[in-house]
Amino acid sequence: MNEYVIRPCEMEHVKRYGEIYAAAFSGEPWFDNWKAENAEIHVKEILESEQSYGLEYIKDDEICGFILGSSMLFSYGRTFEINDLAVDPKYQGKGIGTTLLERFLSDLKEQGYAGIHMITATDGYLPEFYKKYGFRKVTQVMLMGLEEDEEVPDVIAERIKAGRDFIMKFNDVEGIPEDYETDQYLKKPQPPLAKAPVTGQITDLPKDFSVLDIDNDFLGIINRRKSHRVYTDEAISLTDLSYLLWCTQGVKEIRGKAYATLRTVPSGGARHPFECYMAIRKVEGLEEGLYHYLPMTHQIERLGGIEDMDAFISESLCEQTWAAKSSVVFYYSCVFYRAEWRYGVWAHGPVLIDAGHVTENLYLASESIGLGGCAIAAVEPAPSNKAFGLDGVEESVFYAMTVGTVKEEDREAEAEFYAFVREEGL
Ligand SMILES: Cc1cc2nc3c(=O)[nH]c(=O)nc-3n(C[C@H](O)[C@H](O)[C@H](O)COP(=O)(O)O)c2cc1C
């Protein structure tokens, strides 16, 4: 016979709850050093609250386990916190915890709480156990602790670990529900392949590149490519700009009806999740200002002017003031969902990888027409997003590159950027 009774916890049974609690939490995964009398106080203090609610599981006249918690009122309603679920180790492995939790959740549902919360172990069996009942890690809040004798967490080491994890785990399936499908597989509508223009101020870009003096010595270009941070502050031509945009984001073909753009750079899954914005200082025929490339039609649209262009460039590039002598600064944003639609949680690693293809082409294209530039990861997204009208949530600037006019005689001035190597004997 497998008869059991589940009924509300009673203060009279608190000693037994204390015994169960101490025994249960002395084992895996907690290995807490509870004394039964302290555990009894722990349970008693919860039970004493008028907002507490608990259930005990009785079989053969013995209490085998209990579940207990209490509720609290918040601005958005009353939430219940499950404090304890403990089963006497003698009776563990018989499904008592599951039975108690299921019955408890059904009772709480009837009582109509705005939310049910609990604190549990971060890894292993327990979070998995609760996940079956719809519990998810809440990301909007965190448990902050100030514990005596605890080592201060090493924030730097944690950030380093998070960065390494990002690189190593962007394809990881750990913790992702087995039935997870990305939106493409769920047949959700595909986002646009590129952003539509927002202003009517559109300029067609010349596509006759034969007027340019393009160096076709491919190996020579590869060998000469370097970062330039000293510019002669002159204008480049509109065809130069057109050529640079074509070589970095130009659309050569559409795959399928409108499934993907095939461009002059590769991109994971042909998602091409980038938009290219520009702070144009000196391009012949264009007024100084902020612009956006329209790859589908090979045009640019003027977004507007800016009061202090040099200040904007420096601020948006983490005070790299030298950048404000370039002719154009290219700012690359990511439209996240364009990649996430296909790759979901696995989208973000390839985005960063793809960004490298874009700027490498920009380096090589610039070199081939005698210009020079420098890729820039030290970008401040906030001022860049504000200037280009991006929300910083669905789309954000994350990378940039300058391109400007250069001359051989500035080689020494260039070398000064790395004077510290000489000075520090590196
Ligand atoms: C992803 C990336 C980010 C970079 N960020 C910056 C930057 O913020 N500031 C800067 O002065 N140079 C930056 N650079 C340029 C590198 O410092 C440069 O490529 C490196 O020193 C090697 O020199 P080279 O490009 O002349 O071969 C960046 C380059 C890359 C590829």
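Residues numbered from 1 in each chain as written. Predicted model: local features only at pLDDT ≥ 70, side-chain atom pairs only at ≥ 80, totals over all residues.

Draft legend 1. Structural view of the site of the ligand. Taken together, K226, S227, R229, Q320, C374, A375, I376, A377 and A378 make up the full set of residues near the ligand. Of the residues that constitute the shell around the ligand, the class distribution is five nonpolar, two polar and two charged. (Near = placed C-beta within 6 Å. Nonpolar A, V, L, I, M, F, W, Y, C, P; charged D, E, K, R; others polar.)

Draft legend 2. Seen up close, the sheet that holds strand β3 (residues 62–74). A sheet is described by the order of its strands in space; here five strands give the open sequence β1-β2-β3-β4-β5, paired in mixed fashion. At either end of the open sheet lies a strand with only one pairing partner, and these are β1 (5–8) and β5 (115–118). Sheet twist, expressed as the average angle between the axes of neighbouring strands with direction ignored, equals 25°. As paired elements, strand β2 (residues 52–59) and β3 share eight bridges and run antiparallel to each other. Note that in β3 the partner of L55 across the bridge is I67. Across the sheet, helix α3 (residues 96–111) is in contact with β1, β2, β3, β4 (77–87) and β5; its angle to β3 comes to roughly 35°. (Pairing = 2+ DSSP bridges. Helix = DSSP H or I, 4+ residues; strand = E, 2+ residues; numbered from the N terminus. Axes fitted to C-alpha atoms, helices over the stretch in contact; angles between N-to-C directions. Contact = placed C-beta atoms within 7 Å.)

Draft legend 3. Inspection of unusual backbone geometry at higher detail. A positive phi angle, close to 50°, is found at D60, a residue other than glycine. A positive phi angle is found at D233, which is not glycine, with a value near 60°. Note on placement: D233 falls in the loop between α6 (218–224) and α7 (238–249).

Draft legend 4. Summary view of the domain arrangement of the chain. Considered domain by domain, the chain is made up of domain 1 (5–142) and domain 2 (202–423). Taking only C-alpha atoms into account, the centre of domain 1 sits 57 Å from that of domain 2. (Domains from an automatic or database assignment.)

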